[in-house]
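Chain by chain, the residues run as shown.
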Amino acid sequence: MIEKTLVIIKPDGVKRSLTGEIITRFEKAGLKIIGMKMISLTKEFAKKHYPEDIIPRIGGKTLADWKEMGIKTEKDEKTIGRDAWNDLINYVTEGPVVAFVLEGVHAVEVVRKITGSTSPHKAQPGTVRGDYSHISMGYATYRGFGGRNLIHTSGSKEEAEQEIKLWFKKDELFKYKGVHDEHLV
Ligand code: IDP
Ligand code: MG
């Protein structure tokens, strides 16, 4: 049940000086930081993190969003998905990001709870995305920019494992005892 998960503060979070605020929220929940770095992503690396496989999924979601917003389009799911994916790659490479690995009991689920829904307009108050952003993914894609939802957090245990391997070398992750550890064993 003790899991590791990846958090990335995307370029908008860094530029808006929300890095400390965002990290604090996870720390205050008792999650332990076991690795951290600031890096500027190349397009190539960004595409490893967000592979082309996600295009149909984000295309489908955008079509559904646009329908809800009353936006009519002739474009198909694939074309819309590719445009949104290009916007996403440009967004995450437009400035440095801060990446860190958190460890804790049910860390993946807990971190997703603190993160909030993908589209800022649906993210609940009290979550990172709900408190510090509001512009919907549908609107952003319609205007041709990547929806600024501040952070990436791993969506499942499998995703967390793959992503941590991609972002951190073994010797960049640390073992130490935090005050919360006494309740874990
Ligand atoms: P998540 O970040 O909440 O896990 P995913 O569905 O895994 O959301 O999507 C990865 C990223 O792709 C999102 O954080 C967001 O930046 C972008 N994205 C997701 N859905 C859409 C969409 O419908 N339109 C535009 N961009 C999207
Ligand atoms: Mg995801």
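Our subject is the structure that appears above.
In every chain, residue numbers begin from 1 and rise along the written sequence. The lettering of chains begins at A and the numbering of ligands begins at 1, in the order of writing. In view of the model being predicted, local features appear only for residues whose pLDDT reaches at least 70, and side-chain atom pairs are presented and counted only at 80 or more, with totals across whole chains, interfaces and linings using the full set of residues. Water and hydrogen atoms were dropped before computing side-chain values, which therefore reflect all heavy atoms in the structure.

(A) Focus on the site of ligand 1. Around ligand 1, the structure places 14 residues, and the nearest of them are Lys 10, Arg 57, Arg 112, Thr 118 and Asn 149. Contact between ligand 1 and Thr 62: an oxygen atom at 3.3 Å from a side-chain N or O atom of the residue. Whenever two N or O atoms come within 3.5 Å, that pair is a polar contact, provided that in protein one can donate a hydrogen and the other can accept it, and provided that, for residues adjacent in sequence, both atoms are side-chain atoms. Between Thr 141 and ligand 1, the recorded distance is 3.4 Å, taken from a side-chain N or O atom to a nitrogen atom. Computed by Shrake-Rupley with a 1.4 Å probe, the accessible areas treat only the displayed protein chains as cover when residues are assessed. In isolation ligand 1 exposes 520 Å². Once the protein is present, 93% of that is buried. Labels follow the DSSP assignment, with helices taken as runs of H or I lasting at least four residues and strands as runs of E lasting at least two, numbered in each case from the N terminus. Mapped onto the shell around ligand 1, the elements with two or more residues apiece are α4 (55-69), α5 (77-92) and α8 (137-143). Ranked by residues supplied to the shell around ligand 1, first place goes to α4 with four residues. When at least one non-hydrogen atom of a residue lies within 4 Å of a molecule or strand, that residue is treated as near it.

(B) Molecular detail of the side chain of Arg 25. Of note, Arg 25 is situated in helix α2 (residues 19-28). A polar contact of 3.0 Å, which involves the side chain of Arg 25, links it to the side chain of Asp 131. Those residues in contact with Arg 25 that sit more than four places away from it in its chain are Ile 114, Gly 126, Thr 127, Val 128, Asp 131 and Tyr 132. Should any heavy atoms of two residues lie within 4.5 Å, those residues are counted as being in contact.

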